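As a plain string of letters, each chain reads:
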Amino acid sequence: MTSAPMIEQYLHRLALSEAKGVALVTELIEKHLARYAFSSLNALAGQSLSLQTDALFERLVVNQQGGYCFEHNKIAYLALKHLGFDVRSVLARVMLNGKPTNPRTHRMNVLELDGETYLVDVGFGNKTPRGLLNINQSTCTIGHDTYQITRNGDVVTVVLHEPDQPPLTLYEVELYDVVEADFEVAHFYSHQHPDAVFVNNLVVSLITASHCYLIRNQQFLVWDAAGQLVTDKNIDSVEALTQLVHEVFLLQPPKAVLETAFAQVAANAAA
């Protein structure tokens, strides 16, 4: 199957409405986040992950294996281009640990629409914004969350303000032109380097209109739409992990990937 039919299949599965413009892109973001889980399972299990378009759609959309930013946001980029939007992909520094020397290891998209410039992200785990971030505004509110946006030349810093939580800097987005080879290099580091976060940690998340679900190594957490923690339990077996991945996160990874990932997480915990 060529890429165009795969994009059509992806859009068909999202069942988008007849909305236009900002409303359509917002709907795509929301429905993508609720259907296609963020997952480091393949990276943790040592899989080599091709970003070639057909292989990417086959893995995430057809086989429902989940993925991370380089996979999710490339799919979103291709879908938005297919729909006729003016969109391009950029790299960002993840700033969750506060270190300004972090490498550029996050792929996301920039959308130009009706004289405004927006960030579009469907691949930042449980902190992914459920809508567009207008970089021409100092703040954007999505649900119960407020995003503080600061632009310094071609660098945009996004800080998340959640209810009853301290401010959290998500990323520094660099608006420079980037080619696919740049993404390939950052992607290779992020899923193959022995020190990379997703090579050493299990992260699986799904964000719906009513809840945010997260697996963080051997912990399963659920928050409601208001940001209140409603579930916090330990994952004590590969069978329990498998059930959660299938039933909550709607993923169908190979059994060997689940077994390898759980064994790695358990070994890390015991170390």
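Our structure is the block above this text.
The structure reproduced in this document is the subject of the present report. (Residues numbered from 1 in each chain as written. Predicted model: local features only at pLDDT ≥ 70, side-chain atom pairs only at ≥ 80, totals over all residues. Heavy atoms only, no water.)

Some remarks on the packing of helix 1 (residues 3-14) against helix 2 (residues 21-35)
Consideration 1: It is at 10 Å that the axes of helix 1 and helix 2 come closest, and there the two elements cross at 90°. The orientation of helix 1 relative to helix 2 falls into the category roughly perpendicular. The residues of helix 2 that touch helix 1, namely those facing Y10, L11, R13 and L14, are L28, K31, H32 and R35.
Consideration 2: Tallied by class, residues from the contact of helix 1 with helix 2 come to 4 nonpolar, 1 polar and 3 charged. (Axes fitted to C-alpha atoms, helices over the stretch in contact; angles between N-to-C directions. Helix = DSSP H or I, 4+ residues; strand = E, 2+ residues; numbered from the N terminus. Parallel < 35°, antiparallel > 145°, perpendicular 65-115°, else oblique. Contact = heavy atoms within 4.5 Å. Nonpolar A, V, L, I, M, F, W, Y, C, P; charged D, E, K, R; others polar.)

Regarding the pattern of salt bridges
Consideration 1: One pass over the full model with this rule turns up 10 salt bridges.
Consideration 2: Residue K31 pairs with E27 through a salt bridge whose shortest N-O separation is 2.8 Å. Remark: E27 and K31 occur in helix 2; sequence separation between them is 4 residues, near one turn of the helix.
Consideration 3: Within the structure, one salt-bridge network assembled from shared partners comprises K74, R107 and E180. (Salt bridge = Lys/Arg side-chain N within 4 Å of Asp/Glu carboxyl O.)

What about helix 2?
Consideration 1: With 15 residues, helix 2 ought to run about 21 Å at 1.5 Å a step, and its terminal C-alpha atoms sit 21 Å apart, in line with that.
Consideration 2: The set of residues buried in helix 2 consists of G21, L24, V25, E27, L28, I29, H32 and L33.
Consideration 3: Buried residues in helix 2 make contact with helix 1, helix 5 (69-82), strand 3 (104-113), strand 4 (116-120) and strand 10 (203-207). (Expected span 1.5 Å × (residues − 1). Buried < 20%, exposed > 50% of the residue type's maximum accessible area, 1.4 Å probe, protein only.)

So, the sheet that holds strand 13 (residues 229-234)
Consideration 1: Pairing is antiparallel in the open sheet, where 5 strands are placed in the order 1-10-11-12-13. Two strands lie at the open edges of the sheet, namely strand 1 (38-39) and strand 13, each paired on one side alone.
Consideration 2: Across 5 bridges, strand 10 lies against strand 11 (residues 211-216) in antiparallel orientation. If you follow I207 over to strand 11, its bridge partner there is C212. (Pairing = 2+ DSSP bridges.)

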